[in-house]
Amino acid sequence: MTGPIAEAEKLLLLKASGLMLLVVVPVILMALAFAWRYRATNDRAAYSPDWDRSRVVEITVWGIPAIMVGLLATMVWDKTHALDPYKPLPGGEPLLVQAVALNWKWLFIYPDHGIATVNELAIPADRPVSFRVTSQVAMNSFIIPDLGGQIYAMAGMETQLNLQANEPGKMQGRNMQFSGTGFPQQTFDVLAMTEADFDGWIERVRASDQALDDRSFAEISQPSIAAPVTYFASAPQGFFAGLLAGSADMPHAADTTAEGAGN
Amino acid sequence: MTEDISPLLGRLGPDALPLYSWVAMGGAMVTVAGGLGFLAIVTWLGKWRELWSGWITSVDHKRIGIMYIVLALIMLIRGFVDAIMMRLQQALAMDGGGYLPPEHFEQIFSSHGTIMIFFMAMPFVTGLMNFAVPLQIGARDVAFPVMNSISFWLTAAGAGLVLVSLVIGKFSTAGWTGYPPYSGVQFTPGVGVDYWIWAVLVSGVGSTLTGINFVVTILRKRTTGMTLMHMPMFTWTALCSSILIVFAFPALTVVTAMLALDRTVGTHFFTNDGGGNVMNFMNLFWIWGHPEVYILILPAFGIFSEVVATFSSKRLFGYPSLVYATMVIAVLSFTVWLHHFFTMGAGANVNAIFGIATMVIAVPTGVKVFDWLFTMYRGRIRFEPPMLFTLGFMCLFVVGGMSGVLLAIPPINYATHNTTFLVAHFHNMIIPGALFGYVAGYMYWFPKAFGFRLDRNWGARAFWFWFTGFILAFMPLYVIGLMGMPRRMESYANPDWQPWLIIAFLGACLILLGIVSLGIQLWVSVRDRVRLAAEADDPWDGRTLEWSTSSPPPAWNYTELPIVSVRDSFHEAKLTGKPIPTAPLTASIHVPRNTAVGPVIGFAGFCVGFGVIWFIWWLAAVGLALVATTLIARSFADDTESEAFPGRGTGIS
């Protein structure tokens, strides 16, 4: 299981590693070779106790790392922009999912479908997904390792992450930032599906007898470890914006919620 | 807050005892037994007077340096116990196995990091600077000897708070970085985070004073002819490190004080509500935290420079390059802090610029590695233990540098941040990079401090255990980090990780043997000290000034201060057969008198910390008053120096 972001990140990792190994491996070999060649017991090796400068060596030792870093820097500039987590992915209208970190579980709200789930994230394969992430508790970090990317979840603030799965399959996402006792088990299933299966999944969630409202939200906000998957057939419009506004009296948090704080 | 707070004991009650887990109880008992055992041995040997007047109240930079290193070695053991417990837990913890409850595991990873950075690495590097720098620049002492003692005792007070937390109450569960809002009262009530805050705060003030002391010492106390470009490389790195301390540590003091206000007084700097903003904590913490990495590692680079030149019997290659590279690193270290939180949602321009700035540091660092390599080139290399540690460093450090550059590439960081890949990276910098340097420095300068060398065979064994142990313990963490394993996992469900974690535990066992070897080395060397005392004044065919005085040096270091005109002045003197010229002694030497100001202020700092942690307000007030009265009383002391009469054993060679 993978996706375009994860593939690009992996390729970048391999490229950058390969480039650096061109210097790292020779350095290790030089360290070992010089140590052996110039060991004190080796009388045949040259000995120049006062040789401490050489213009050629100086230019080389400043030059090689500088060229290397120059190459890497252009790579960084390009790829940081290309793989910016906030940048929408090409390939049509993304699916919008709002993710809320709770102790120690994840709430996912699908505003376009008016549904929500706990600890299960279904996405259509081959279609961009755009996450809006926040936390109602301590700082969390949202990641789906197979798809790449990672973004902090902070109370009163919204961060964004854009991902895509290449093909249908099951993966695991989790919180990467230690946040207390339930942290190790704070995972969720990620189900990438065909569009048809995804529509079927939406219908299954809608068939649930539970609704996301202040009362059920208070219930799932109670700290719990390895909480079971829960479906909410409905989620009020603006619920996520309300969480952003409600968890902090910060002026800037209020600003971001001006349009949708309607519950 | 609803808990009962008694005016006498604050929130301290019988439930503060570690009865929640047998492992914690055992740790507490070992700590108490260790403390009592130490008191018993000192009493048994009748050494209290010697301990008090020779060490505790001493303001001699060499003795303070040695005390720093003793503290560091004790805390190394304490921090290592945490480490191997974590490794064992993770080796077993597949599907909820293991022997540690989550709450205990969380305290252990928090105390491990806190101890290793603040109470192992910092005291170790400060101790080496204390011991060697005044000797290397031909000074009689540091610029402010009493302040030096205060610095040490504040550091010891912080370490004391961490040790006490093992017995009374609990330690933080918020990691060594103490990120809010998790470290706020909302998520971590109780005393744990307060112990972390006050240990860091109290010792951090000591570190700031050390930085001031060494900047002034190096700039003002150099002997005649010791121009900046004649200074040994270690002194240069100590200067850069001290400048970094002066600029960086206030940020740590401020950020921990703000967190303390949030927790104790109810302010809202970093809380989720009331207008707090956690991002300010991350920024302030890492504005200290990134320079801190270089505060720790630059002096280690200095030691490697001394060691590689001495044991290659050759001039240090590219000295001016190394000086400039060190300065460049010091300046750049303040421009990269944001790379610790690329995943916080900053824009692509910001992330890219901080990523590139981080990589730029690889340039001067690469220059240093090449300069060490070319110092060995056409040398005559002796494989004494300090040189082994230096070679091990060169081979491993470049790997850590490479993983560091990978982490500095923001898109790669998005995938690897908070994984064990990151854990492997910073241990790769701090163990081979910093700690190997400190151990090399400890073995290198030990004969100068005590007049006999450390046993060579056990030193070599220690190196091979540390070297192989490091590889086994941390290379697997790179692998499972790339597989997505988060740091700080008390248990996990992915069977692919377990074999790697078992290998990592075996690596930790080898490192344990490395630490045991260091202990045996010390034991064997003290036993054979007469044999090992041969040529102790200059056991390594040294090049720099400190090897020209006796081992151990007199309290005033040099009876007649040397006049230098070249770098490697002692080597030149041996080469030409002419001793280093000295300034004739025209008056008697004045050495600062012992004083209890340092230990009293350290004790007072401990009381302030302990008092605030437990809401024992009278104790905190008494501690503060004690600091104030001690400083005022000291300012009236006129007779602070005694005359010394160099006689027997001044040992000018």
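Counting from 1, residues in each chain are numbered in the order their sequence is written. Numbering of ligands from 1 and lettering of chains from A proceed in the order in which they are written. Reporting of local features is limited, given that this is a predicted model, to residues whose pLDDT is at least 70; pairs of side-chain atoms are given and counted only at 80 or more, and all residues count toward the totals for whole chains, interfaces and linings. With hydrogens and water stripped out, all remaining heavy atoms of the structure feed into the side-chain values.

Chemist: Explain the overall build of chain B to me, using residue names and the numbers behind them.
Modeler: Secondary structure assignment for chain B yields 20 helices and two strands. Atoms counted for the radius of gyration: C-alpha only. Globule rule: 2.2 Å times the number of residues to the power 0.38. On C-alpha atoms alone, chain B measures out to a radius of gyration of 24 Å, which is about the 26 Å that the 2.2 N^0.38 rule sets for 653 residues. C-alpha extents for chain B along the principal axes are approximately 70 × 55 × 50 Å. Here chain B holds 653 residues, and the buried ones make up 63% of them. Contact definition: two residues touch when any of their heavy atoms are within 4.5 Å. Pairs at least 24 residues apart make up 82% of the contacts formed inside chain B by residues separated by at least 6 positions. With residues, only the protein chains shown are counted as cover, and all accessible areas are computed by Shrake-Rupley using a 1.4 Å probe. For chain B, the exposed surface amounts to about 22,400 Å²; the carbon and sulfur share of it is 71%. Secondary structure follows DSSP: runs of H or I at least 4 residues long count as helices, runs of E at least 2 residues long count as strands, and numbering of each begins at the N terminus. Three exposure classes are used, based on accessible area relative to the maximum for each residue type with a 1.4 Å probe and protein chains only: buried under 20%, partly exposed in between, and exposed over 50%.

Chemist: Pulling in residues and values, what's your account of the sheet that holds strand β6 (residues 140–144) of chain A?
Modeler: Residue and element names in this part refer to chain A. Taken in spatial order, the five strands line up as β4-β10-β9-β6-β7 in an open sheet, and their pairing is mixed. Of all strands in the sheet, those with a lone pairing partner are β4 (120–124) and β7 (148–153), marking the two edges. Taking the axes of each pair of neighbouring strands and ignoring which way they run, one obtains an average angle of 20 degrees across the sheet. Pairing between strands requires that DSSP locate at least two bridges from one strand to the other. When β6 meets strand β9 (residues 169–175), the two strands line up antiparallel, connected through two bridges. Pairing of Phe142 across the sheet is with Asn175, part of β9. Helix axes are fitted only over the stretch in contact, all axes being lines through C-alpha atoms; the angle between N-to-C directions runs from 0 to 180 degrees.

Chemist: I'd like to hear about the confidence of the model for chain B, residue by residue, with values.
Modeler: The predicted model of chain B has a mean per-residue pLDDT of 95, with 98% of residues at 70 or higher. As a per-residue measure, pLDDT reflects the predictor's confidence and takes values from 0 up to 100. Under a pLDDT of 50 for its full length, residues 648–653 of chain B has, in the predicted model, 14 contacts with residues more than four places off or in other chains.

Chemist: Talk me through empty space enclosed by the protein; I want residue IDs and the actual numbers.
Modeler: Residues and elements named next belong to chain B. Cavities and pockets were defined on a 1 Å grid built over protein atoms only: a cavity is a set of grid points that admits a 1.4 Å probe from which the probe cannot escape, a pocket is an open set flanked by protein on both sides within 12 Å along at least five of seven lines, and lining residues are those with an atom within 4 Å of any such point. Grid points are joined across faces, edges and corners, and a volume is the space filled by probe spheres set on the points. Going through the model one piece at a time under the given rule, you end up with seven cavities of 30 Å³ or more. Approximately 140 Å³ is the volume found for the second largest cavity. As for the second largest cavity, its lining consists of 16 residues, of which Glu306, Ala309, Leu316, Thr544 and Asp568 are closest to the centre. Considering every element that reaches the lining of the second largest cavity, the biggest residue donor is helix α8 (residues 278–311), with four residues. By the convention adopted, Pro, Cys, Tyr, Trp, Phe, Met, Ile, Leu, Val and Ala count as nonpolar, Lys, Arg, Asp and Glu as charged, and the other residues, Gly among them, as polar. For the lining of the second largest cavity, the class distribution of residues is seven nonpolar, three polar and six charged.

Chemist: Explain the sheet that holds strand β1 (residues 95–102) of chain A residue by residue, including any values.
Modeler: All names here are of chain A. One open sheet accounts for six strands, arranged β8-β5-β1-β2-β3-β11; its pairing is mixed. What marks the edges here is a single partner per strand, and that holds for β8 (159–163) and β11 (230–232). If you compare each strand with its neighbour and ignore which way they point, the axes differ by 20 degrees on average.

Chemist: With reference to specific residues and values, describe the interface of chain B and chain A.
Modeler: Residue-level contacts link 84 residues of chain B with 78 residues of chain A. Taken over both partners, the interface formed by chain B and chain A buries close to 7,000 Å², and the fraction arising from carbon and sulfur atoms is 72%. Here the quantity called buried area is the total loss of accessible area, with a 1.4 Å probe, experienced by two parts when brought into contact, counted for both. Per-residue buried area on chain B facing chain A is highest for Arg378, Arg380 and Tyr414 of chain B; these three make up 10% of the total on that side. Salt bridge criterion: a side-chain nitrogen from Lys or Arg within 4 Å of a carboxyl oxygen from Asp or Glu. If you look at where chain B meets chain A, you find one salt bridge. Put simply, Asp52 of chain A and Arg315 of chain B hold a salt bridge, and the shortest N to O gap is 2.9 Å. Side-chain atoms alone can form a polar contact between residues adjacent in sequence; in general such a contact is a pair of N or O atoms within 3.5 Å, and within protein one must be able to donate a hydrogen while the other accepts it. Taken together, the links from chain B to chain A amount to 20 residue pairs in polar contact (both at pLDDT 80 or more). Elements that contribute at least two residues to the side of chain B that touches chain A include exactly α4 (102–136), α8, α9 (319–332), α10 (348–360), α11 (362–376), α12 (385–408) and α13 (410–416) of chain B. Tallying contributions element by element places α11 of chain B first for the side of chain B that touches chain A, with eleven residues. The class makeup of the residues in the side of chain B that touches chain A is 49 nonpolar, 23 polar and twelve charged.

Chemist: Any chance you could break down the environment of Ala434 of chain B for me, citing the residues and the numbers?
Modeler: When you line up the elements, Ala434 of chain B lands in helix α14 (residues 420–450). Note: C-alpha distance between Ala434 of chain B and Phe304 of chain B (130 residues apart in sequence) is 9.9 Å.

Chemist: Before we move on, can you summarise the layout of surface pockets with the specific residues and values?
Modeler: Roughly 870 Å³ of internal volume is contained in the second largest pocket. In this structure, the second largest pocket is lined by 36 residues; those nearest its centre are Pro145 and Asp146 of chain A together with Leu482, Met483 and Gly484 of chain B. Of all the secondary structure elements, the ones that give two or more residues to the lining of the second largest pocket are α1 (4–37) and β9 of chain A together with α13 and α15 (456–482) of chain B. Examining the composition of the lining of the second largest pocket, we find that five residues originate from one element, α1 of chain A, more than from any other. When grouped by side-chain class, the residues that make up the lining of the second largest pocket number 17 nonpolar, 13 polar and six charged. Two domains each provide a minimum of three residues to the lining of the second largest pocket, namely domain 1 (4–38 + 54–82) and domain 2 (95–256) of chain A. What fixes the domain bounds is an automatic or database domain assignment.

Chemist: Explain the pattern of salt bridges to me, using residue names and the numbers behind them.
Modeler: By the definition in use, this model includes 21 salt bridges over all chains. A salt bridge links Glu219 of chain A to Arg215 of chain A, with the shortest nitrogen-to-oxygen separation between them at 3.2 Å. Within this pair, Glu219 of chain A and its partner Arg215 of chain A are both found in helix α4 (residues 214–221), separated by four residues, close to a single helical turn. When sorted by exposure, Glu219 of chain A lands in the same class as Arg215 of chain A, which is exposed. Residue Arg78 of chain B pairs with Asp82 of chain B through a salt bridge whose shortest N-O separation is 2.9 Å. One end of the pair is Arg78 of chain B and the other is Asp82 of chain B, both in helix α3 (residues 61–92) and four residues apart, which spans about a single turn.

Chemist: Lay out the side chain of Gln177 of chain A with the relevant residues and their values.
Modeler: Tracing the backbone through its elements, the reader meets Gln177 of chain A in the loop between β9 and β10 (187–193). At 3.0 Å, the side chain of Gln177 of chain A forms a polar contact with the side chain of Asn418 of chain B. The residues touching Gln177 of chain A, leaving out its near neighbours within four places in the chain, are Met139, Asn140, Ser141, Tyr152 and Phe183 of chain A together with Tyr179 and Asn418 of chain B.

Chemist: So what's going on with the domain arrangement of chain A? Residues and values would help.
Modeler: Residue and element names in this part refer to chain A. Assigned domains of chain A: these are domain 1 (4–38 + 54–82) and domain 2 (95–256). If you average the C-alpha positions of domain 1 and of domain 2, the two centres end up 39 Å apart. Taken residue by residue, the interface counts five residues in domain 1 and eight residues in domain 2. Approximately 420 Å² of surface area, both sides summed, lies buried where domain 1 meets domain 2, with 52% of it carried by carbon and sulfur atoms. Contact with domain 2 buries area across many residues of domain 1, yet Pro4, Ile5 and Ala6 alone supply 77% of it, more than any other trio. Inspection of the region where domain 1 meets domain 2 yields zero salt bridges. For the interface between domain 1 and domain 2, the tally reads three residue pairs in polar contact (both at pLDDT 80 or more).

Chemist: How would you explain the side chain of Ser312 of chain B if you had to name every residue and give the values?
Modeler: Position of Ser312 of chain B relative to the elements: it lies in the loop between α8 and α9. Given a relative accessible area of 0%, Ser312 of chain B falls into the buried group. If near-sequence neighbours (up to four positions away) are discounted, Ser312 of chain B is found in contact with Tyr47 of chain A together with Val307, Thr375, Met376, Gly379, Arg380, Ile381 and Met387 of chain B.

Chemist: Which residues make up the nonpolar core, and what values do they have?
Modeler: Buried Ala, Val, Leu, Ile, Met, Phe, Trp, Tyr and Cys residues that are joined via side-chain atoms within 4.5 Å together make up what is termed a nonpolar core. In this structure, Leu72 of chain A together with Trp198, Trp288, Trp372 and Tyr438 of chain B are the most contacted members of the largest nonpolar core, which totals 244 residues. Both domain 1 (4–38 + 54–82) and domain 2 (95–256) of chain A contribute no fewer than three residues apiece to this core. Once residues within four sequence positions are removed from consideration, Trp198 of chain B is found in contact with Leu161, Ala260, Val608, Gly609, Val612 and Ile613 of chain B. Residues Ile5, Leu83, Phe142 and Ile151 of chain A belong to the second largest nonpolar core, which totals 36 residues.

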